[in-house]
Amino acid sequence: MNKQIERRRTFAIISHPDAGKTTLTEKFLLFGGQIQVAGAVKNNKIRKTATSDWMDIEKQRGISVSTSVMEFDYLPEGQSGEPYKVNILDTPGHQDFAEDTYRTLTAVDSAIIVVDSAKGVEAQTRKLMEVCRMRNTPVIIFINKMDREGRDPFDLLDELEQELNIRVRPLSWPIGQGMKFKGVYNIFEHNLNLFTPDKQRKTRKVEVDVQSSDLEQHVGEDFATRLREDLELVDGVYPEFNVEDYRKAEVAPVFFGSALNNFGVQELLDCFVQIAPDPQPTKAEERMVKPDEPKFTGFIFKITANIDPNHRSCIAFCKICSGKFLRNQPYYHVRLDKSLRFSSPTQFMAQRKSTVDEAWPGDIVGLPDNGIFKIGDTLTEGEKLHFRGLPSFSPELFKYIENDDPMKSKQFQKGIEQLMNEGVAQMFVNQFNNRRIIGTVGQLQFEVIQYRLEHEYNAKCRWEPVHLYKACWIESDDAEELENFKKRKYQYMAKDIENRDVFLADSSYVLGMAEEDFKHIKFHFTSEF
């Protein structure tokens, strides 16, 4: 069992939109032998889209809307033994889908942050790094698009340290950039990788002693002198790389390259599988769960409806925390207090899936879901455990949702229910007029809901404006005061899908007054309390 755990690497690729996350995921799959040709995201002539973007709306917009899960085996060149089992979660970068990304980060042991060499650290990158810091997740930074004109590498490293609040240590170093980009020197393995732009093939490596005159032959005199000076400076400024510091999330190793041209990606992957942590203990409310415990435990961190448009099926993604998962074994569903069997658990390569007979800690298994799962559910072999830390944030935008085709009310009902369980957005039912209100963190989610209702459930919806400022969950030990509050605010009271009380404040002033007038009521802005 320990052997199985040690070869697992489960990580998320995160970044600001357009830094090149999905392209990097593609190239990892190319090296893992899972795809033969990487689908250039923007190349419409051959109508190929990125492997990990499989929803229709993702192909049209050229962005990722939902986290996709992929796995492959990988063994670095020149190494012998069993290959590493790599589980990648490619997350949406667009801030309107940030919640999906935050939830994904609860299911991984490490993360790779992609930064655009011309733009540096962007707003979304900062937010994601905060989530990693909250959970002490180790990160590796990949500075992408070195084949375009960008900023000075030293300036970028300074900015990473200041903006992301973490010490960095370069493990590869660029030689020139943009039109003059020659390649990178791999500090981790002490060899030179020369750059030839090619989207399909891998790069060639040259063993070179930096101090010898061989270097000049490969990159020219000016670049050779500059590289030697840079490397001296790197060794002078940055402490020697220590794997333990990285695993404690105190230092972030940095790599340079170009994901689109397949450059610097293999160095990143080779180093990553060697230094990244294997599956780590998971905190439950009751205790710490260690991966090498004999009994199976796992939690649902994501639900996706309609992976296969021909079968209206939902898949719940379960992250295995400990023990061994077996097909057709009975497992205990803690919230429903009943035993379930799964006859066709699956593992994924984007939406290509295959049935699995067994899975180990760190793996992510897709379980068929006919409405029995909610995000955050726990499965065990009988123990009552609750894994926490899967947040839903208070939405910032609100609209009434109405059925636009009375003949299709069943489809409309089912569609909304499944999309809400998936965590695409949050739904509140107003207690005063029984109308449904959808709350989201970004405008784009309304478009996604409307598009998916129409194309996946054959139902039409229309949006109507509603003026609200914030939704907050309320609770109180003082039953009388709670009752009094609900009576006074009955026009603004709603229930969420868990049937909890939610107060819909229409302005910050009203919310402030409510907090002042009702001292014994707690107002929560995330659903975890």
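Before reading on, note that the structure itself is shown above.
Residues numbered from 1 in each chain as written. Predicted model: local features only at pLDDT ≥ 70, side-chain atom pairs only at ≥ 80, totals over all residues. Heavy atoms only, no water.

## A word on the overall build of the protein
Stage number 1. Helices and strands together make up the secondary structure of the protein, namely 14 helices and 31 strands.
Stage number 2. For the protein, the proportion of its 529 residues judged to be buried stands at 57%.
Stage number 3. A fraction of 72% describes how many contacts in the protein between residues 6 or more apart in sequence connect residues 24 or more apart.
Stage number 4. A total of about 23400 Å² of accessible surface is found on the protein, and carbon and sulfur atoms cover 46% of it. (Helix = DSSP H or I, 4+ residues; strand = E, 2+ residues; numbered from the N terminus. Buried < 20%, exposed > 50% of the residue type's maximum accessible area, 1.4 Å probe, protein only. Contact = heavy atoms within 4.5 Å. Areas by Shrake-Rupley, 256 points an atom, 1.4 Å probe, with all protein chains shown as cover.)

## Considerations on helix α13 (residues 479-488)
Stage number 1. All of the buried residues in α13 are E481, L482 and F485. Take α13 and look down its axis: the buried residues cluster within an arc of 100°, on one side only. Turned more than 90 degrees away from the buried face of α13, the exposed residues are A479, E480 and K487. (Arc of directions from axis to C-beta.)

## With respect to the nonpolar core
Stage number 1. Counting 57 residues, the largest nonpolar core has I141, L160 and W173 as its most contacted members.
Stage number 2. No other element matches helix α6 (residues 153-164), which puts five residues into this core.
Stage number 3. When we break this core down by domain, the ones giving at least three residues each are domain 1 (3-277) and domain 2 (283-380).
Stage number 4. Among all residues touching L160, those that are not within four sequence positions of it are V115, V121, I141, I143, N165, I166, V168 and V254. (Core = buried A, V, L, I, M, F, W, Y, C linked by side-chain atoms within 4.5 Å. Domains from an automatic or database assignment.)

## Focus: the packing of aromatic side chains
Stage number 1. If you walk through the whole model with that rule in mind, you get 16 aromatic pairs.
Stage number 2. Relative to Y331, the ring of F325 has its centre 5.4 Å away and its plane inclined at 25°; by these criteria the two rings are stacked. Here F325 matches Y331 in class, with each residue buried.
Stage number 3. On the basis of an interplanar angle of 65° and a centroid distance of 6.5 Å, the ring pair of F428 and W473 is categorised as edge-to-face. One end of the pair, F428, is in strand β25 (residues 426-430); the other, W473, is in strand β28 (residues 470-476), and 45 residues separate them in sequence. For the pair shown, F428 and W473 are each scored as buried.
Stage number 4. By way of ring pairs, the aromatic residues F485, F503, F518 and F523 are connected into one cluster.
Stage number 5. Positioned above the aromatic ring of F446 is the side chain of K399, whose terminal nitrogen or guanidinium carbon lies 4.7 Å from the ring centre. (Phe/Tyr/Trp six-rings, centres within 6.5 Å; stacked < 30°, edge-to-face > 60°. Lys NZ or Arg CZ within 6 Å of the ring centre and 35° of its normal.)

## Quick notes on the side chain of T440
Stage number 1. Secondary-structure assignment places T440 in strand β26 (residues 436-440).
Stage number 2. With sequence-adjacent residues up to four places away left out, T440 is seen in contact with P395, E396, L397, A425, Q445 and F446.

## Brief notes about helix α2 (residues 21-31)
Stage number 1. The buried fraction of α2 amounts to 11 of the 11 residues, a majority that puts the element mostly inside the structure.
Stage number 2. Three or more residues of α2 are buried, namely K21, T22, T23, L24, T25, E26, K27, F28, L29, L30 and F31.

## Comments concerning the sheet that holds β28
Stage number 1. One open sheet accounts for eight strands, arranged β27-β24-β26-β25-β29-β30-β28-β31; its pairing is antiparallel. Every other strand in the sheet has two partners, leaving β27 (461-465) and β31 (521-524) as the edge strands with one partner each. Geometrically, the sheet is characterised by an average inter-axis angle of 40° between neighbouring strands, direction not taken into account.
Stage number 2. Of the pairings in the sheet, the one linking β25 to strand β29 (residues 493-495) comprises two bridges and is antiparallel in character. Bridge pairing links V429 to K495 in β29.
Stage number 3. Lying over the sheet, α13 contacts β28, β29, β30 (501-505) and β31, oriented at roughly 60° with respect to β31. (Pairing = 2+ DSSP bridges. Axes fitted to C-alpha atoms, helices over the stretch in contact; angles between N-to-C directions.)

## Structural notes on the state of the cysteines
Stage number 1. Inspection of the entire model under this criterion finds zero disulfides.
Stage number 2. In this model C318 remains outside any disulfide bridge; the closest cysteine sulfur is found in C321, 7.4 Å from its own. (Disulfide = S-S within 2.5 Å.)

## Re the pattern of salt bridges
Stage number 1. One pass over the full model with this rule turns up 27 salt bridges.
Stage number 2. For K3, the salt bridge identified is with E82, shortest N-O distance 3.7 Å. Placement of K3 in helix α1 (residues 2-6) and of E82 in the loop between β2 (68-74) and β3 (84-90) is noted, with a sequence separation of 79 residues between them.
Stage number 3. A residue is classified by how much of its surface remains accessible, and E82, at 43% relative accessible area, is partly exposed.
Stage number 4. Where K85 meets D363, a salt bridge forms, and the shortest distance between an N and an O atom there is 3.5 Å. Remark: D363 occurs in the loop between β21 (358-359) and β22 (364-369) and K85 occurs in strand β3; sequence separation between them is 278 residues.
Stage number 5. Among the residues examined, K85 registers a relative accessible area of 8% and is labelled buried.
Stage number 6. Through salt bridges that share partners, E402, D404, R435, R462 and E464 make up one connected network. (Salt bridge = Lys/Arg side-chain N within 4 Å of Asp/Glu carboxyl O.)

## A word on the pairing of strand β9 (residues 191-194)
Stage number 1. Alternating positions in β9 separate into two faces, N191 and N193 on one and L192 and L194 on the other, with burial throughout.
Stage number 2. In terms of strand pairing, strand β8 (residues 183-186) meets β9 through four bridges, oriented antiparallel. Across the sheet, Y185 pairs through a bridge with L192, a residue of β9.

## Some remarks on the environment of R169
Stage number 1. Topologically, R169 is positioned in strand β6 (residues 167-170).
Stage number 2. R169 gets classed as buried once you look at its relative accessible area, which sits at 7%.
Stage number 3. Setting aside anything within four residues of it in sequence, one finds R169 in contact with V234, D235, Y238, P239, E240, F241, V251, A252, P253 and V254.
Stage number 4. Looking at R169, its side chain comes within polar contact range of the side chain of D235, at 3.4 Å. (Polar contact = N/O pair within 3.5 Å; in protein donor to acceptor, adjacent residues only side chain to side chain.)

## Some thoughts on the environment of E422
Stage number 1. Structurally, E422 is set in the loop between α11 (409-421) and β25.
Stage number 2. E422 sits in the buried class, given a relative accessible area of 6%.
Stage number 3. In sequence terms E422 and T304 are 118 residues apart; their C-alpha atoms lie 5.7 Å from each other.

## Side note on unusual backbone geometry
Backbone phi values are negative for most residues with the exception of glycine, while trans is the configuration of most peptide bonds.
Stage number 1. Positioned with a positive phi, K145 is a non-glycine residue whose angle comes to about 65°.
Stage number 2. Relative to the helices and strands, K145 resides in the loop between β5 (139-144) and α6.
Stage number 3. According to the relative accessible area criterion, K145 is buried, its value standing at 16%.

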